[in-house]
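Listed below are the residues making up each chain.
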Amino acid sequence: MRRFLFIFSLAILSVGHAKAQGIVFHDNTPWTDIVKMAEEQDKLIFIDCYTTWCGPCKVLAREVFPQQKVGDFFNPNFICVKYDMEKGDGKMLNERYKQHIPGYPTLLIIDKQGNVKQQMAGFQEANALIQNAQMALKGRDLFTLQKEYQSGNRDIDFLVDYMASLEGAFLKDDARKVADEYLKSHEPKELDSDPVWQAFGKYVTDIHSPAFDYLVNNAGRYGSVLKRDRQAINFQVKSACDRELRNFFRLHFNEQGQADALATDTAWAEKVIWYLEKTGQAGADLYKLNLYIHKQLLRGQYDEAWQAVKMGVKSRMSGFYSMKVGDYIAYLAPQTRDKKVLKDYLTVMEGFLNRGNSTEYTAYKTLADLNRRLGNKQLAEQQQSLYDTELAKEKQKFQEIFNK
C-alpha cells in the first residue's frame, strides 16, 4: 500500500511539473517544417531570434520563457521556434526579415504566408510579452496600428495600444514622434488623465515645453494624490535639467583652442535650477556655483570666477574634476600674462594628480599648456607625452571592452 501511495504521489508531482512549464520551442528546426506545421494547425509562428553572445537573449530564455503563464499562453496559440540568427535557417531568416530585426533579442510573430504580424525587440517582461502577442492574435498588431495612425486615428485608447507596440518593438524614434505630436497639440492638464499619462508621461522631457513646466509644478500632487511613481518622475525631471544645464555651462573651443562665445541666457539657467529645487532634487548648489562662475566670465571678472572655481575644487564638489577645471583654465589663461596667476592655475591642477583617481591624468594636458605659457618647454613636452600615453591606454581599454 505504501509503495502504491509513493508511486501515486510521484505521478501527481510529475503531472503537476508537466503542466508548470514554459514555452516549448522547436530549436533551429528547418523553416519549411515550421511553415508546414503552421499551415496544418492554422496557427501563427512565434520566433525567438537570438545569438549565442547576446546577454538579454539568455535572460529571456532563463527568466521569462520558462514561466508557466507564458507557456500557457504561447504553447496552444503559436508554433514556437527559436533560431540562432548566425547559422543555418536562422541566417536565412535574418536576411529575409532584417528590416524587422533591429537587434537581439528580437521576437517576431509571422503568419503562415510569411508576413510579419508583430515585432518585439529587447528584453520583454512576461506580461508585456503576452500583451503584445495577444494584440497580434486579435488583429491589433503593430503594423495594423501604424496604418490606423497614418489614417488619422487619435483616440486615446488606440494611442495607448499603439505606443505600447512601438515601445515593445524598440522603435524609439517613432514612439517619440507620436508622443511629441500629442504633447504639442494638447493642453498639459491632460497629463492628469491616467491613459494619457500611461502613453506619454515618460516622454515629457523637453524642458522648454509647457508640459514639462506643468509636470514640475504638479510633481508633488502626481505622487501624493494620483499615486504615480514620484521617484521615476524625479529621475525624469533631474535627467532633463542636468542635460540642459551641463550643455549651458559647457565651455566650447574651436580647433585652434580658442573659446567660443558663452551662453548668455542666465535667466533661463536660473529657471532650470529652480526646477531642481521645486522637485527637491540634489545638485542645485553645484549648478548655482556654476551659474555664479558663468556670470563672472560673461562680465570679464576673471579673478572672481577663478576664486569660485577654487572653492568648488577645495570642497570636492562633483562637478569640479580635472577635465572641467582644465576647461575653465583654458578659457582663463589667454586672458592673463601674470605668471603668479598662471602658477596658481598650475598648483590647482597638480593637486588633481595627488588624488589617485585614474581619470585625473587629463590634468597633464592643462599642465603642459600652462608650462608652455610659462616658458618651461621641456617640462611641457614631458607632461604632454604623459597625457598622450594615458589617453592611448584609456582608448585601448574601451576597445577591449567593445571587442568582448
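Residues numbered from 1 in each chain as written. Predicted model: local features only at pLDDT ≥ 70, side-chain atom pairs only at ≥ 80, totals over all residues. Heavy atoms only, no water.

## Brief notes about the overall build of the protein chain
Note the threshold: Numbering of helices and strands runs from the N terminus; a helix is a DSSP stretch of H or I covering at least four residues, while a strand is a stretch of E covering at least two. We compute the radius of gyration over the C-alpha atoms and compare it with the globule rule, which gives 2.2 Å times the number of residues raised to the power 0.38. Think of it in three bands: with a 1.4 Å probe and only protein chains considered, a residue is buried below 20% of the maximum accessible area for its type, exposed above 50%, and partly exposed in between. Note on contacts: a residue pair qualifies if any of its non-hydrogen atoms lie within 4.5 Å across the two residues.
Counting its secondary structure elements, the protein chain contains 19 helices and 5 strands. Taking 404 residues into account, the globule formula puts the C-alpha radius of gyration at 22 Å, and the protein chain, at 29 Å, lies well above it. The proportion of buried residues among the 404 residues of the protein chain is 42%. If you take every contact in the protein chain between residues at least 6 apart in sequence, the share linking residues at least 24 apart comes to 62%.

## A few points about the state of the cysteines
Such a bond, covalent and formed between the sulfur atoms of two cysteines, is termed a disulfide. Which entries qualify depends on this criterion: Put simply, a disulfide is two cysteine sulfurs that come within 2.5 Å.
Going through the model one piece at a time under the given rule, you end up with 1 disulfide. The side chain of Cys 54 participates in a disulfide bridge whose partner is Cys 57; the two sulfur atoms lie 2.3 Å from each other. Because the sign of the S-S torsion sets the handedness, a value of about 85 degrees for the bond joining Cys 54 and Cys 57 places this disulfide among the right-handed ones. In this pair, the class of Cys 54 matches that of Cys 57, namely buried. This cysteine, Cys 49, is not joined by any disulfide, and Cys 57 carries the nearest cysteine sulfur, 9.1 Å off.

## Quick word on the sheet that holds strand β1 (residues 26–27)
To keep it simple, the criterion reads: Between any two strands, at least two bridges found by DSSP are needed for them to pair. Under this scheme, a helix contributes an axis fitted over its contacting stretch, all axes are lines through C-alpha atoms, and angles between N-to-C directions fall in the 0 to 180 degree range.
Strand order in this open sheet of 5 strands is β1-β3-β2-β4-β5, and the pairing throughout is mixed. Each end of this open sheet is capped by a strand with a single partner; those strands are β1 and β5 (116–121). Bridge count for strand β2 (residues 44–50) against strand β4 (residues 106–110) is 5 bridges, and the pairing is antiparallel. Counted as the bridge partner of Ile 45 is Ile 110 from β4. Lying on the sheet, helix α4 (residues 68–77) is in contact with β2 and β3 (78–84); it crosses β3 at an angle near 100 degrees.

## Concerning the environment of Gly 351
Within the secondary structure, Gly 351 is located in helix α17 (residues 339–353). By relative accessible area, which is 30% here, Gly 351 ends up partly exposed. Along the backbone, Gly 351 and Lys 314 are 37 residues apart, and their C-alpha atoms lie at a distance of 9.9 Å.

## Some remarks on the layout of surface pockets
The condition that has to hold: In this analysis the probe radius is 1.4 Å and the grid spacing 1 Å, with only protein atoms considered; a cavity is a set of points the probe fits into but cannot get out of, a pocket is an open set with protein on both sides within 12 Å along at least five of seven lines, and lining residues have an atom within 4 Å of a point. Grid points are joined across faces, edges and corners, and a volume is the space filled by probe spheres set on the points.
Each pocket or cavity is described by its volume, and for the largest pocket that value is around 570 Å³. Lining the largest pocket are 20 residues, with Phe 253, Gly 326, Asp 327, Ala 330 and Lys 365 positioned closest to its centre. Contributing elements (two or more residues each) for the lining of the largest pocket: α16 (322–332), α18 (363–373) and α19 (377–403). No other element matches α16, which puts 6 residues into the lining of the largest pocket.

## Comments concerning the pairing of β2
Of all 7 residues making up β2, 7 are buried, and the element is well covered by its neighbours. Side chains Leu 44, Phe 46, Asp 48 and Tyr 50 of β2 all project onto a buried face; the interleaved residues Ile 45, Ile 47 and Cys 49 project onto the opposite face, where all are buried too. Of the pairings in the sheet, the one linking β2 to β3 comprises 7 bridges and is parallel in character. Paired with Asp 48 across the strands is Lys 82, a residue of β3.

## Looking at the side chain of Ser 209
Here is the rule we go by: By the criterion applied in these results, polar contacts are pairs of N or O atoms within 3.5 Å in which, for protein atoms, one can donate a hydrogen and the other can accept it, and in which residues neighboring in sequence qualify only through two side-chain atoms.
In this fold, Ser 209 is placed in the loop between α10 (194–200) and α11 (210–224). Assessed through its relative accessible area of 17%, Ser 209 is described here as buried. At 2.7 Å, the side chain of Ser 209 and the backbone oxygen of Asp 206 are in polar contact.

## Side note on the environment of Ser 315
For Ser 315, the location among the structural elements is in the loop between α15 (302–314) and α16. What makes Ser 315 partly exposed here is its relative accessible area of 49%. Between the C-alpha atom of Ser 315 and that of Phe 46, which follows or precedes it by 269 residues, the distance is 57 Å.

## As for the pairing of β5
Summarising burial for β5: 5 of the 6 residues are buried, a large majority. Two elements, β4 and β5, share 5 bridges in a ladder whose sense is antiparallel. Bridge pairing in β5 places Ile 110 opposite Val 116. Adjacent in sequence and paired antiparallel, β4 and β5 are bridged by 5 residues, among which Gly 114 carries a positive phi angle near 90 degrees.

So, to be careful, I would describe these as geometric facts and stop short of saying anything about function.
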